[in-house]
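# A structural walkthrough
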Amino acid sequence: MNIQPLSDRVLVKRLEIEEKTAGGIFIPDTAKEKPVLGEVVAVGPGRISEEGKLVPMNVKVGDIVLFTKYVGNDVPGDEDLVIMSEDNILATVSK
């Protein structure tokens, strides 16, 4: 499926979190929370300002981003993909 976000929307692939804690305890699937880190897969062109000008996106494809926990819409058929507004992205993360 080819998905191209519109306006200021961003398509993010959730990154898997560690399956064990720093102390070596394994976390079962039922106790895991949805990840809040992801890699940007696609971005829209940006939003239109009140003056009618295109405001470009601050993130680009390949960026690792931190986003709020309960945000966006899951893409049907792929639980790892979520589409959200750029406003829901809190920060980019350097590797």
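Above this text you will find the structure in question.
Described below are features of the structure shown in this document. Because the structure is predicted, anything quoted here is derived from the model rather than measured. (Residues numbered from 1 in each chain as written. Predicted model: local features only at pLDDT ≥ 70, side-chain atom pairs only at ≥ 80, totals over all residues. Heavy atoms only, no water.)

### Regarding the overall build of the protein chain
What the protein chain contains, in helices and strands, is zero helices and eight strands. Ordered by position in the sequence, the α and β elements of the protein chain form the string β-β-β-β-β-β-β-β. Across the 95 residues of the protein chain, 28% fall into the buried class. A fraction of 63% describes how many contacts in the protein chain between residues 6 or more apart in sequence connect residues 24 or more apart. For the protein chain, the exposed surface amounts to about 6,800 Å²; the carbon and sulfur share of it is 53%. (Helix = DSSP H or I, 4+ residues; strand = E, 2+ residues; numbered from the N terminus. Buried < 20%, exposed > 50% of the residue type's maximum accessible area, 1.4 Å probe, protein only. Contact = heavy atoms within 4.5 Å. Areas by Shrake-Rupley, 256 points an atom, 1.4 Å probe, with all protein chains shown as cover.)

### Observations concerning the sheet that holds strand E5 (residues 64–67)
Taken together, the six strands give an open sheet; going across it, the order is E6-E7-E1-E2-E5-E8, and neighbouring strands pair in antiparallel fashion. Every other strand in the sheet has two partners, leaving strand E6 (73–75) and strand E8 (89–93) as the edge strands with one partner each. Going from strand to strand, the sheet's axes swing by 45° on average, the running direction of each strand aside. (Pairing = 2+ DSSP bridges. Axes fitted to C-alpha atoms, helices over the stretch in contact; angles between N-to-C directions.)

### Some points on the pattern of salt bridges
What the rule picks out here adds up to three salt bridges. Note that Asp-8 and Arg-9 form a salt bridge whose closest N and O atoms lie 2.8 Å from each other. You can call Asp-8 buried: its relative accessible area is 9%. Look at Arg-9 and you get partly exposed, because its relative accessible area is 38%. We note a salt bridge from Lys-60 to Asp-63, for which the minimum N-O separation is 3.1 Å. On the basis of relative accessible area, Lys-60 is assigned to the exposed category, the value being 54%. Among the residues examined, Asp-63 registers a relative accessible area of 13% and is labelled buried. (Salt bridge = Lys/Arg side-chain N within 4 Å of Asp/Glu carboxyl O.)

### Remarks on unusual backbone geometry
You will see that Ser-7, though not glycine, has its phi angle at about 55°, which is positive. Inspection of the secondary structure assignment puts Ser-7 in the segment before strand E1 (9–14). By relative accessible area, which is 34% here, Ser-7 ends up partly exposed.

### Re the nonpolar core
Formed by Val-10, Val-12, Val-40, Met-57, Val-59, Val-65, Phe-67, Val-71, Val-82, Met-84 and Ile-89, the largest nonpolar core amounts to eleven residues. Listed by contribution, the elements that provide at least two residues to this core are E1, E5 and strand E7 (78–85). Beyond its immediate sequence surroundings of up to four residues, Met-57 is in contact with Ser-7, Asp-8, Arg-9, Val-10, Val-43, Gly-44, Pro-45, Gly-46 and Glu-86. (Core = buried A, V, L, I, M, F, W, Y, C linked by side-chain atoms within 4.5 Å.)

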